[in-house]
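# Descriptive structure summary
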Amino acid sequence: MRMRSLKWLLAFSTIPITALSALTPGSPRVLAYTLCTLLGLLSVGWYPLYLVQITDIAPQHAVASTISFAITLNQIIAATMPPLFGALVGATGYTVGWLFLVVILILTATQLHRTQAAPNPTASQTS
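Basis of the calculations
- Residues numbered from 1 in each chain as written.
- Predicted model: local features only at pLDDT ≥ 70, side-chain atom pairs only at ≥ 80, totals over all residues.
- Heavy atoms only, no water.
- Helix = DSSP H or I, 4+ residues; strand = E, 2+ residues; numbered from the N terminus.
- Buried < 20%, exposed > 50% of the residue type's maximum accessible area, 1.4 Å probe, protein only.
- Contact = heavy atoms within 4.5 Å.
- Axes fitted to C-alpha atoms, helices over the stretch in contact; angles between N-to-C directions.
- Parallel < 35°, antiparallel > 145°, perpendicular 65-115°, else oblique.
- Left-handed = near helix turned anticlockwise from the far one by under 90°.
- Nonpolar A, V, L, I, M, F, W, Y, C, P; charged D, E, K, R; others polar.
- Phe/Tyr/Trp six-rings, centres within 6.5 Å; stacked < 30°, edge-to-face > 60°.
- Core = buried A, V, L, I, M, F, W, Y, C linked by side-chain atoms within 4.5 Å.
- pLDDT = per-residue confidence, 0-100.
- Expected span 1.5 Å × (residues − 1).
- Arc of directions from axis to C-beta.

### Quick word on the overall build of the protein chain
Scanning the protein chain from terminus to terminus reveals 5 helices and 0 strands. Starting at the N terminus, the α and β elements of the protein chain follow one another as α-α-α-α-α. Scored against the burial criterion, the 127 residues of the protein chain give a buried share of 23%. For the protein chain, the proportion of contacts with a sequence separation of at least 24, taken over those separated by at least 6, is 64%.

Here's what the structure looks like:
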């Protein structure tokens, strides 16, 4: 259920991002604020699901190191994406920048759809 929830969060996050890409300079600010608030709420929910899902797909013998690597990778991406987004927006405008994020979310959701959980030997013993 967590993987499905994570995929849905990614999918629903594309909606406010796509809407933000369609805003023009004359768009009402309240619309931009509403879309950013919705995106923020969706963004808050994915990280705990992500960490638990990493635990589920990690090999039993390497759960701690897998989570450590996943958190490190997440922090690297969190530090590098804002400047990349800003550079892209500076070079092309907000529409392309927002749509770039939509593409990343779609690619991530597609990859998650392909990912299978590692077999959990303790789960089969308790069944």
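Further notes follow.
### As for the packing of helix α1 (residues 2-22) against helix α4 (residues 94-114)
Each pair of packed helices gets described by two things: the angle between the helix axes and the distance between those axes. Closest axis-to-axis distance for the α1/α4 pair is 9 Å, and the angle between their directions is 165°. By the angle between their axes, α1 is roughly antiparallel relative to α4. Once α1 is placed against α4, the crossing between them reads as left-handed. Where α1 abuts α4, its residues Met3, Leu6, Lys7, Leu10, Ser13, Thr14, Ile17, Thr18, Leu20 and Ser21 lie against Thr95, Trp98, Leu99, Leu101, Val102, Leu105, Ile106, Thr108, Ala109, Leu112 and His113. Grouping the amino acids of the contact of α1 with α4 by side-chain chemistry returns 13 nonpolar, 7 polar and 1 charged.

### Observations concerning the packing of aromatic side chains
Here the structure, examined in full by the defined rule, presents 6 aromatic pairs. Within the aromatic cluster, the residues linked to one another by ring pairs are Trp46, Tyr47 and Tyr50.

### Focus: the nonpolar core
Counting 17 residues, the largest nonpolar core has Leu10, Ile17, Leu20, Leu39, Trp98 and Leu112 as the members making the most contacts within it. Secondary structure elements with two or more residues in this core: α1, α2 (29-57), α3 (63-92) and α4. Looking at this core, the element that brings in the most residues is α1, giving 6 residues. Each residue touching Leu112, except ones within four places of it in the same chain, is listed here: Met3, Leu6, Lys7 and Leu10.

### Re the confidence of the model for the protein chain
If pLDDT is low for a region, its predicted coordinates should not be looked at in detail. Averaged over the protein chain, the pLDDT score is 85; the fraction of residues at 70 or greater is 90%. A low-confidence stretch, residues 123-127 stays under pLDDT 50, and its non-local contacts, those more than four residues away or across chains, total 0 contacts.

### Considerations on the side chain of Ser21
Counting through the fold element by element, Ser21 comes out in helix α1. In this structure, Ser21 is in contact with Thr95, Trp98 and Leu99, ignoring residues within four places of it in sequence.

### A short note on α4
Its 21 residues place the ends of α4 31 Å apart at the C-alpha level, agreeing with the 30 Å of an ideal helix rising 1.5 Å per residue. Within the sequence span of α4, burial applies to Gly97, Trp98, Val102, Leu105, Ala109 and Leu112. Here the buried residues of α4 occupy an arc of 145° about the axis, which is enough to place them on one side. Set apart from the buried face of α4 by more than 90 degrees, the exposed residues are Leu107 and Arg114. Summarising the contacts, the buried residues of α4 are in contact with α1, α2 and α3.

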